[in-house]
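# A structural walkthrough
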Amino acid sequence: MPSASRPGPTSLPSPTSLPSPTSLPSPLAEQVEAWLNDDPDPADRAELARLRDGAGHDATLLAELTTRFHGPLRFGTAGLRGPLRAGPAGMNTAVVRRAAAGLATWLTSRAPPAPAPPAPAAPKPDPATAGSSMNAAPGSAAAPNSSTATVVVGYDARHRSEAFALDSARVFAGAGLRALVLPGPLPTPVLAFAVRRLGADAGVMVTASHNPATDNGYKVYLGDASSDAARGAQLVAPADREIEGMIAAAGPARAIPLAETWRRLDADVVDDYIHAAATAGRAATATATATATATATATDLRTDVTTDPTALTVAYTPLHGVGAGVLGAVFTAAGLAAPRVVHEQAEPDPEFPTVQWPNPEEAGAMDRVLALGERIDADLVLANDPDADRCAVAVGGRVLSGDEVGLLLADHVLHSCPGPVATTIVSSSGLRALAAEVGVPYAETLTGFKWIMRADARLVFGYEEALGYAVAPELVRDKDGITAALAIALVAARAKQRGRTLPDLLDELSARLGVHLTGQRSARFDDVTQIDETMHRLRAQPPTSLAGRPVTAVRDLLAGPRDGDAPAGGIPPRPARPVDRADAAHPVLPPADVLMLFLDEDRVIFRPSGTEPKLKVYLETVEPVPGHAVDAVPAARDQAAARLLHLHTAAGNLLDGRDGDHISPKIRSPASPSPGTI
């Protein structure tokens, strides 16, 4: 496997002997010098010094240097994330050590005082070694007392991921915490699982998920014992801002204490995840199969579940990430044949050499696995993103949307475990319709699994349109592309045994719930301030019509929580509907940079990405199906697709038709099925 770290130079001047800048403006010059003096990484210091020296004579380099000192990285939708570069606005050794130090201070401040020494008794089992052994590598010191916080650290195979993970462990150990490191580069869901399984107080995953090869990131999970809904989920406010404040107060990165008393977990925690994931998948499918058999027609019973599930042929790619080994083991443990893997994308490679963007949502990212699926006549095509927390699905060359997969999985889970479900405000409203049909609680949240996982402590399923699914929230309080891949494979296997395909199941869902067609358009910006300017312009003058149709309501989440929305731009209030008021299914949401335009049941939503410099536009059209008849679905789909195409064009016009943007439309012409149909 290619190294996830980058070697440093062999000989570099000390910070005090670095040449001085010639003409940097103040206070930038002072900020750069202070950072250079405090940065503990010689390669990062040399990179920044070269940039500083050139910036005194080159306007382009000065702009780059200014960007790096514009401000520190902040916790967004999925933690800290940014380019691998020196300076406070990049992912580097100094930033990682300060982030770990801030988290350690926050955890220590919340820890209960150490109890008085108890009377002699039998030793209390160590939660990290119960059922798992530790190696004798760094961390052979005696375990801290029970009031000491435990942090589990994981990492993927990106550039510098392992180095950042071990640095974090050293900082936690230096702060007196109990630091446990996963045994190697692993999927993010394994780390999220370990936080809950080991009873840890926090978890850190070093990954940039589906971002370009030049990025890395830092996800933080909290093991909040006071709330089962939050235990093991990513952090939210106010914890994120509190930790950011402690990061800012951490002092020079060079002076942060380090210790080698961290310990590396062995493979038992990975085996535990594999077993738990496979068991949950088998249990859900067995119950769903029993339910389907009880209600099947005579024809259905003749083609029921007697077929060997290993007959399902699956093509798969981890997109040069870390998912292949764990996913294959989970499939095998669940009784399915291991998928056929795209050979040239099977091993981790931090350069992602065969794709422009290592994100299965992006055009072209799945070309090789689709070609493999065609060659082997696969029943199902699957793709994980590099840290395997997302899952993309295709059947017969048709790539399903995240909303389609979300509805298929929700229907599957609710057959076996009816209970609360949740999704985000930018995902399809189809889940709301399904929840109403089944009679289970439903909730909408802000974008991000950190919010979905807090929707209900009893949650049985959650998803977001960006290919994220939680089919076993009791195991992983986050999106999990491994268990989602297994679940959709089991759905496909059961459908195949009954002579059906996933598209057939989608048509049946559309007949029951109506056609919910979704699409997306995204514009990528070099200057993130342009995103703010565009959102400000849209808020200042929201359109009164789109695609020749009146906008019936505007909802601006940046204005903060409100019970309904006042008219904007002369638009009359929209009739009462759950999305416009606070109720059990749609609680009052925190302020967020989201602008929602409604055209009766259709909608257009504008939202800046929380992980990339993009402005995203989410589209949905809803069309009822006459008589709930499956044979009426194609006509209803065509009507919804025509409206969606017009909204897609109108959204582009609202963005001023920017030439050269990275556009990812997820719709097709009305003449062909859209990947956003459910």
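Preceding this paragraph is the structure being described.
Heads up: these notes are all about the structure in this document. Computed from a predicted structure; not experimentally measured.

The next subject is the pairing of strand E10 (residues 380-384). When you tally the buried positions in E10, you get five out of five residues, the bulk of the element. Burial along E10 is two-sided: the face carrying Leu-380, Leu-382 and Asn-384 and the face carrying Val-381 and Ala-383 are both buried. When strand E8 (residues 314-317) meets E10, the two strands line up parallel, connected through four bridges. Bridge pairing in E10 places Val-314 opposite Leu-380. By the bridge criterion, four bridges tie E10 to strand E11 (residues 391-395) in an arrangement that is antiparallel. Opposite Val-381, over in E11, you have Ala-394 as the bridge partner. Counted between consecutive antiparallel strands, the loop separating E10 from E11 contains six residues, among which Ala-388 sits at a positive phi close to 60 degrees.

This brings us to the sheet that holds strand E9 (residues 340-341). Strand pairing in a sheet takes place through backbone hydrogen bonds and is either antiparallel or parallel in direction. Pairing is mixed in the open sheet, where five strands are placed in the order E9-E8-E10-E11-E12. Pairing within the sheet leaves two strands with one partner each, and these edge strands are E9 and strand E12 (398-399). The strands touched by helix H16 (residues 502-513) within the sheet are E10, E11 and E12, with E11 carrying the most contacts at an inclination of about 100 degrees.

Moving on, we get to the packing of aromatic side chains. Aromatic ring pairs: the centre-centre distance and the angle between the two ring planes describe each pair. Counted by the stated rule, this structure contains four aromatic pairs. With a centroid separation of 5.5 Å and an interplanar angle of 75 degrees, the aromatic rings of Phe-193 and Tyr-273 are classed as edge-to-face. Taken together, the residues Phe-193 in helix H6 (residues 188-197) and Tyr-273 in helix H8 (residues 268-294) connect sequence positions 80 residues apart. Tyr-273 shares its class with Phe-193; the two are buried. Ring geometry for Phe-461 and Tyr-463: centres 6.2 Å apart, planes at 25 degrees, overall stacked. When its relative accessible area of 0% is taken as the criterion, Tyr-463 is described as buried. Aromatic ring contacts, followed pair by pair, group Phe-461, Tyr-463 and Tyr-469 into a single cluster.

What counts as what
- Residues numbered from 1 in each chain as written.
- Predicted model: local features only at pLDDT ≥ 70, side-chain atom pairs only at ≥ 80, totals over all residues.
- Heavy atoms only, no water.
- Buried < 20%, exposed > 50% of the residue type's maximum accessible area, 1.4 Å probe, protein only.
- Helix = DSSP H or I, 4+ residues; strand = E, 2+ residues; numbered from the N terminus.
- Pairing = 2+ DSSP bridges.
- Contact = heavy atoms within 4.5 Å.
- Axes fitted to C-alpha atoms, helices over the stretch in contact; angles between N-to-C directions.
- Phe/Tyr/Trp six-rings, centres within 6.5 Å; stacked < 30°, edge-to-face > 60°.

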